[in-house]
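Each chain, letter by letter, is given below.
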Amino acid sequence: MFLKNLSLTNYRNYETMSLSFDGPIQLFIGNNAQGKTNALESIYVLALAKSHRTPRDKELISWDADYATIRSDVLRRYGSVRLELQLTTKGKRAKINGMEQQKLSAYVGALNVVMFAPEDLSIVKGAPAQRRRFIDMEIGQVSPTYLYYLSNYNKVLAQRNQLLKDLAMKKSNSLEMLAIWNTQLADLAVKLLRKRFEFIRKLETWAQEIHTGITDGRERLSLHYVNSSPVTEEMTIDQAVDKMLAAYEEVRDREIMRGSTLIGPHRDDFSLKVNNMDVQTYGSQGQQRTSALSIKLAEIELIKEEVGEYPVLLLDDVLSELDEHRQTLLLETIQDRVQTFVSTTGVEGLKHQVLQQASRFYVREGKISGER
């Protein structure tokens, strides 16, 4: 897929901005705090209807405006698609070819992106919540049903947690209502888990091959889903639901005491191991960087496998974080295959031939000038 253009209105420090793209690599060059990351972020937001930097949409809207709009014409293998996302303080409006989408789950996936930024090292060494978010965002891009299940799961989870709090404070004694929430939550949890098991397995297949190449065969990367429930990948749906319901019963008293649901996808994690060693805890900084790079390159291939075409790649100030070997491997992987947007403070350290042929856009105080 290929972004033919990008237009912004009232987006962060861009009052108005309109760019056209014709080459596979786009370099956004400028000093810090000028708007380079904002430009790349807007493409991510256009694709996923949420930012990788903040959960608050209000921060994406210029401080003196009531709304922000992102537009782009995206060339897909089946033709051109016009995407528009409007952000307001009251919510989002998403359009595909001028038609407003009633649910964001029907919109997400029209454009697929992979973002790689320095903070993505958190996938390796950050908190479990960051890895859960990574899983949810990536599966959601290629599976609208996953987003639907996730949204419903979070709604039921909130209702169940409220009931647990009420039971703890003696405001309710309705164990019958708890049983109803258990049934609904177990069904949704199993649907999410089956998608996650499949995703981790596929991601590992691609990441292992890539990691082996980066390390010249010295290291083997493996991914392991860390499950808070007794559900396993081998179980049928009925078996998994029964296991989940039994697990809720086992922890019921503890959950009531704490007023919170203690097991389920919202509590899960995944681990990364290099040569059977937990890289999150014991890996060197180099091993953690290589693992993060392997995961990101694996994302690109996994999306290609799922949707039939490569996603757009966003490299936000990340090339300077990689040594020459990793930088070369990344650029050779994407060469002539993946439309890539790169933000950087300068081109002096970017010697690779791929970057020398890139289109260049210079960013200063929310204004962008282009130069081939």
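Cut-off values and rules
Residues numbered from 1 in each chain as written. Predicted model: local features only at pLDDT ≥ 70, side-chain atom pairs only at ≥ 80, totals over all residues. Heavy atoms only, no water. UniProt positions renumbered as here; feature names shortened; annotations may be inferred. pLDDT = per-residue confidence, 0-100. Helix = DSSP H or I, 4+ residues; strand = E, 2+ residues; numbered from the N terminus. 1 Å grid on protein atoms, 1.4 Å probe; cavity = no way out; pocket = protein on both sides within 12 Å on 5 of 7 lines; lining within 4 Å. Points joined across faces, edges and corners; volume = space filled by probe spheres on them. Nonpolar A, V, L, I, M, F, W, Y, C, P; charged D, E, K, R; others polar. Salt bridge = Lys/Arg side-chain N within 4 Å of Asp/Glu carboxyl O. Buried < 20%, exposed > 50% of the residue type's maximum accessible area, 1.4 Å probe, protein only. Expected span 1.5 Å × (residues − 1). Contact = heavy atoms within 4.5 Å.

- Within UniProt, the label attached to the chain reads DNA replication and repair protein RecF, and the organism entered is Brevibacillus brevis.
- Taken directly from UniProt, the Function text for the chain runs: "The RecF protein is involved in DNA metabolism; it is required for DNA replication and normal SOS inducibility. RecF binds preferentially to single-stranded, linear DNA. It also seems to bind ATP."

Structural notes on the confidence of the model for the chain
Right, so step 1: Residues with a pLDDT of 70 or more make up 98% of the chain, whose mean pLDDT is 92.
Right, so step 2: Element-level mean pLDDT values for the chain span from 72 in helix α12 (residues 353-356) up to 98 in helix α7 (residues 237-250).

Points about empty space enclosed by the protein
Right, so step 1: According to the stated counting rule, one finds two cavities of 30 Å³ or more in the structure shown.
Right, so step 2: What the largest cavity holds in volume is close to 50 Å³.
Right, so step 3: Residue lining of the largest cavity: F116, A117, P118, L121, R289, A292, V318, E321 and L322, and that is the complete set.
Right, so step 4: Residue classes in the lining of the largest cavity are distributed as seven nonpolar, no polar and two charged.
Right, so step 5: Looking at the second largest cavity, its volume works out to about 40 Å³.
Right, so step 6: Together, E138, V142, F199, E299, L302 and I303 line the second largest cavity.
Right, so step 7: Elements with a contribution of two residues or more to the lining of the second largest cavity: α4 (128-142) and α10 (285-307).
Right, so step 8: It is α10 that contributes the most residues to the lining of the second largest cavity, three residues altogether.
Right, so step 9: Across the lining of the second largest cavity, the residue classes tally to four nonpolar, no polar and two charged.

Details of the pattern of salt bridges
Right, so step 1: Following the criterion strictly, the structure yields 21 salt bridges and no others.
Right, so step 2: Note that E41 is salt-bridged to R12, the shortest N-O span being 2.7 Å. Of this pair, E41 sits in helix α1 (residues 36-48) while R12 sits in the loop between β2 (5-11) and β3 (14-20); the two residues are 29 residues apart in sequence, bridging distant segments of the chain.
Right, so step 3: A relative accessible area of 19% places R12 in the buried class.
Right, so step 4: Between R76 and E309 there is a salt bridge whose closest N-O contact spans 2.6 Å. Of the two residues, R76 sits in strand β5 (residues 67-76) while E309 sits in the loop between α10 and β13 (312-316), which places them 233 residues apart along the sequence.
Right, so step 5: The class of R76 is buried, set by a relative accessible area of 8%.
Right, so step 6: E309 sits in the buried class, given a relative accessible area of 8%.

Quick look at helix α6 (residues 175-214)
Right, so step 1: Taking 1.5 Å as the rise per residue, α6 with 40 residues should run 58 Å; its terminal C-alpha atoms sit 54 Å apart, in good agreement.
Right, so step 2: At the C-terminal side of α6, D216 shows a positive phi close to 55°.

Looking at the environment of A49
Right, so step 1: Examined against the element boundaries, A49 turns out to sit in the loop between α1 and β5.
Right, so step 2: Distance from A49 to L85, taken between C-alpha atoms, is 7.4 Å for residues 36 residues apart in sequence.
Right, so step 3: Apart from the residues lying within four places of it in its own chain, the contact partners of A49 are Y44, L85, K92, L104 and V108.

Considering unusual backbone geometry
Right, so step 1: With phi around 55°, N10 is a residue other than glycine that occupies positive phi space.
Right, so step 2: Structurally, the position occupied by N10 is in strand β2.
Right, so step 3: Overall, N10 belongs to the buried group, its relative accessible area being 14%.
Right, so step 4: Not every positive phi belongs to a glycine, and E365 is a case in point at roughly 50°.
Right, so step 5: Classification of E365 as exposed rests on a relative accessible area of 60%.

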